[in-house]
Amino acid sequence: MSDANDQIPSGEIVPDDKDWTWTLTRPCPECGFEASAVGPELVPGSIAVLTRPWAKVLARADVRDRPAPGVWSALEYACHVRDVCALFAERTRLMLTEQSPRFANWDQDATAIEKSYRRADPDVVAGELAAAAQAYVESYAGVSGEQWDRHGVRSNGSEFTVLTLGQYGLHDLAHHLWDVRAAH
């Protein structure tokens with residue numbers, strides 16, 4: 001059952017409908033992450049490095065505070081990162097086991113409302129994020145050779161290989177640490 005506190009008022013959070021796939025070809029001017037510089041052998045370790053700081057972020061006294069109108073709190077970002085790790089681990093698994101799978105649309109803003117990111121328990125999220133990050137690391141740990149070139153297609157038509165999906169996911173992880181001003 002949902003209550004009024006679960007609903008994000010219209011206009012409070014601006015949905016992110018940008019296509020961030022450009023981060024696969026050039027560095028992000030905001031967070032500075034250069035996805036294309038990450039080779040296959042670095043993907044699993046990079047996932048671990050870019051998810052480790054969230055335990056400290058989730059321990060902050062102001063973890064629930066939104067820094068500005070229209071901007072998620074550190075807790076909301078942590079919930080999103082947890083879900084990104086789970087989603088990308090699943091998409092990686094699909095790419096490794098199916099021929100050119102099509103990925104269902106994922107609306108991160110709807111997910112934030114449905115899963116009540118604002119009301120989550122930071123301690124619970126810390127454990128869930130660590131487990132999701134480990135599963136994401138493991139999804140890449142055994143990838144080798146031609147597996148890196150297997151394809152998948154996002155609902156908007158964007159095509160990824162196992163490598164570029166990993167690079168794209170790494171930018172997401174790095175960017176959200178930048179969003180909450182956490183070092184990695």
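The structure reproduced in this document is the subject of the present report. (Residues numbered from 1 in each chain as written. Predicted model: local features only at pLDDT ≥ 70, side-chain atom pairs only at ≥ 80, totals over all residues. Heavy atoms only, no water.)

1. Examining the environment of L58
Here L58 is to be found in helix α2 (residues 54-58). Residue classification places L58 among the buried residues on the basis of a relative accessible area of 6%. Expressed as a C-alpha distance, the spacing of L58 and L75, which sit 17 residues apart in the sequence, is 6.4 Å. Setting aside residues no more than four positions away along its own chain, L58 makes contact with V63, L75, A78, P122, V125 and A126. (Helix = DSSP H or I, 4+ residues; strand = E, 2+ residues; numbered from the N terminus. Buried < 20%, exposed > 50% of the residue type's maximum accessible area, 1.4 Å probe, protein only. Contact = heavy atoms within 4.5 Å.)

2. With respect to the packing of helix α3 (residues 74-97) against helix α6 (residues 162-179)
For the pair α3 and α6, interaxial distance at closest approach is 10 Å and the crossing angle is 175°. With respect to α6, the axis of α3 lies roughly antiparallel. Facing Y77, H80, V81, V84, C85, F88, R91, T92, M95 and L96 of α3, the residues of α6 in contact are V162, L165, Y168, G169, D172, L173, H176 and D179. Taken together, the residues of the contact of α3 with α6 sort by class into eleven nonpolar, four polar and three charged. (Axes fitted to C-alpha atoms, helices over the stretch in contact; angles between N-to-C directions. Parallel < 35°, antiparallel > 145°, perpendicular 65-115°, else oblique. Nonpolar A, V, L, I, M, F, W, Y, C, P; charged D, E, K, R; others polar.)

3. Quick word on the side chain of T161
Among the structural elements, T161 can be located in strand β2 (residues 159-161). In this structure T161 touches M95, W148, D149, R150 and H151, once residues within four positions along its chain are discounted.

4. Points about the packing of aromatic side chains
The geometry of two aromatic rings is summed up by the distance between their centres and the angle between their planes. Applying the stated criterion across every chain yields a total of seven aromatic pairs. Between W72 and Y77, the aromatic rings sit 5.4 Å apart at their centres with planes inclined by 75°, giving edge-to-face as the arrangement. You can call W72 buried: its relative accessible area is 7%. When the centroid spacing of 5.2 Å and the interplanar angle of 50° are considered together, the rings of F160 and Y168 count as tilted. Accessibility classification places F160 together with Y168 in one group, the buried group. Put simply, the rings of F88, Y136, Y140, W148, F160 and Y168 touch in pairs and so form one group of aromatic residues. (Phe/Tyr/Trp six-rings, centres within 6.5 Å; stacked < 30°, edge-to-face > 60°.)

5. What to know about the nonpolar core
Core analysis: the largest hydrophobic core is formed by 49 residues, its most contacted members being V43, I47, W54, Y136, Y140, L170 and L173. When residues of this core are traced back to their parent elements, those giving at least two are α1 (43-51), α2, α3, α5 (122-141) and α6. When residues of this core are assigned to their parent elements, the largest contribution, 13 residues, is made by α3. Sequence-distant contacts of V43, defined by excluding residues within four places in its chain, comprise V38, Y140, W148, L163, G166 and L170. (Core = buried A, V, L, I, M, F, W, Y, C linked by side-chain atoms within 4.5 Å.)

6. Things to note about the environment of A35
Its location among the elements puts A35 in the segment before α1. For A35, a relative accessible area of 0% corresponds to the buried category. Each C-alpha atom, one on A35 and one on G166, is 8.8 Å from the other, the two residues being 131 residues apart in sequence. Apart from the residues lying within four places of it in its own chain, the contact partners of A35 are T23, L24 and Q167.

7. Remarks on α3
In a regular helix each residue adds 1.5 Å, so 24 residues correspond to 34 Å; α3 covers 34 Å between its end C-alpha atoms and thus fits that length. Of all 24 residues in α3, 19 are buried; the element is thus mostly enclosed. (Expected span 1.5 Å × (residues − 1).)

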